[in-house]
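# Examination of the molecular architecture
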Amino acid sequence: MLKVALFVLIVVLAMVCTEAKGGKRKDKPEGGKKEPKDCSPWTHEECIIEGGAACGKGSKRGTRTGDNCPVKEKAFPCRVPCAKNKCKYQKGDWSECDVVTNTITRTNTLKKGDATLCEATKVITKKCKNKNAENRKNNKNSNRRRKGGSSE
């Protein structure tokens, strides 16, 4: 019983203390930080990417003027979007099957995109789809079935 009374007393004291303070937390004043009135707006330079890459995260330098400006130069974060798959190619014709390497090739030439970022030509190589080789493979499988069936 004594524990319950002590608990109630603590809760009542906590409520009285918060009401004495106004019941509100003191946060930042409304509107956040106010800029001095005689500062010019920020002007930004070009975004400089970290590591010298063509795209990604970086920073840009901002400057402003004014007699009472506390900060006249500041680095702002920025980002340059990466161009994805902007290289478009004109597809060439497939070559005849090279029986030595069992491959066919096709040369694609750049149709649309930045010549400094895209390859001028791309060579695509694939295995041949040789019908004769497939027929021989099927014949070997059918021969195996026959041999397997006659041995029983």
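See above for the structure.
This report concerns the structure included in the present document. Here the structure is a predicted model, which is why all the values come from computation and not from measurement.

## Quick look at unusual backbone geometry
Of note, asparagine 102 is a non-glycine position whose phi angle comes to about 55°, a positive value. Of the residues examined, asparagine 102 reaches a relative accessible area of 34% and is grouped as partly exposed.

## Describing the state of the cysteines
Within this structure, the stated rule accounts for four disulfides. Bridging cysteine 47 to cysteine 78, the disulfide has an S-S length of 1.8 Å. Since a negative S-S torsion denotes a left-handed disulfide, the cysteine 47-cysteine 78 link at about 85° is right-handed. Separated by 31 residues along the polypeptide, cysteine 47 in the loop between strand 1 (43-44) and strand 2 (48-49) and cysteine 78 in strand 4 (residues 73-80) bring together distant segments of the chain. Relative accessible area serves as the criterion here: at 14%, cysteine 78 is assigned to the buried category. Note on cysteine connectivity: cysteine 87 is disulfide-linked to cysteine 118, with sulfurs 1.8 Å apart. The chirality of the disulfide connecting cysteine 87 with cysteine 118 is left-handed, given an S-S dihedral of about -80°. In this pair, cysteine 87 sits in the loop between strand 4 and strand 5 (88-90) while cysteine 118 sits in the loop between strand 6 (103-112) and strand 7 (121-127), placing the two residues 31 residues apart along the sequence. Of the residues examined, cysteine 87 reaches a relative accessible area of 28% and is grouped as partly exposed. You can call cysteine 118 buried: its relative accessible area is 9%.

What counts and how
- Residues numbered from 1 in each chain as written.
- Predicted model: local features only at pLDDT ≥ 70, side-chain atom pairs only at ≥ 80, totals over all residues.
- Heavy atoms only, no water.
- Buried < 20%, exposed > 50% of the residue type's maximum accessible area, 1.4 Å probe, protein only.
- Disulfide = S-S within 2.5 Å.
- Helix = DSSP H or I, 4+ residues; strand = E, 2+ residues; numbered from the N terminus.

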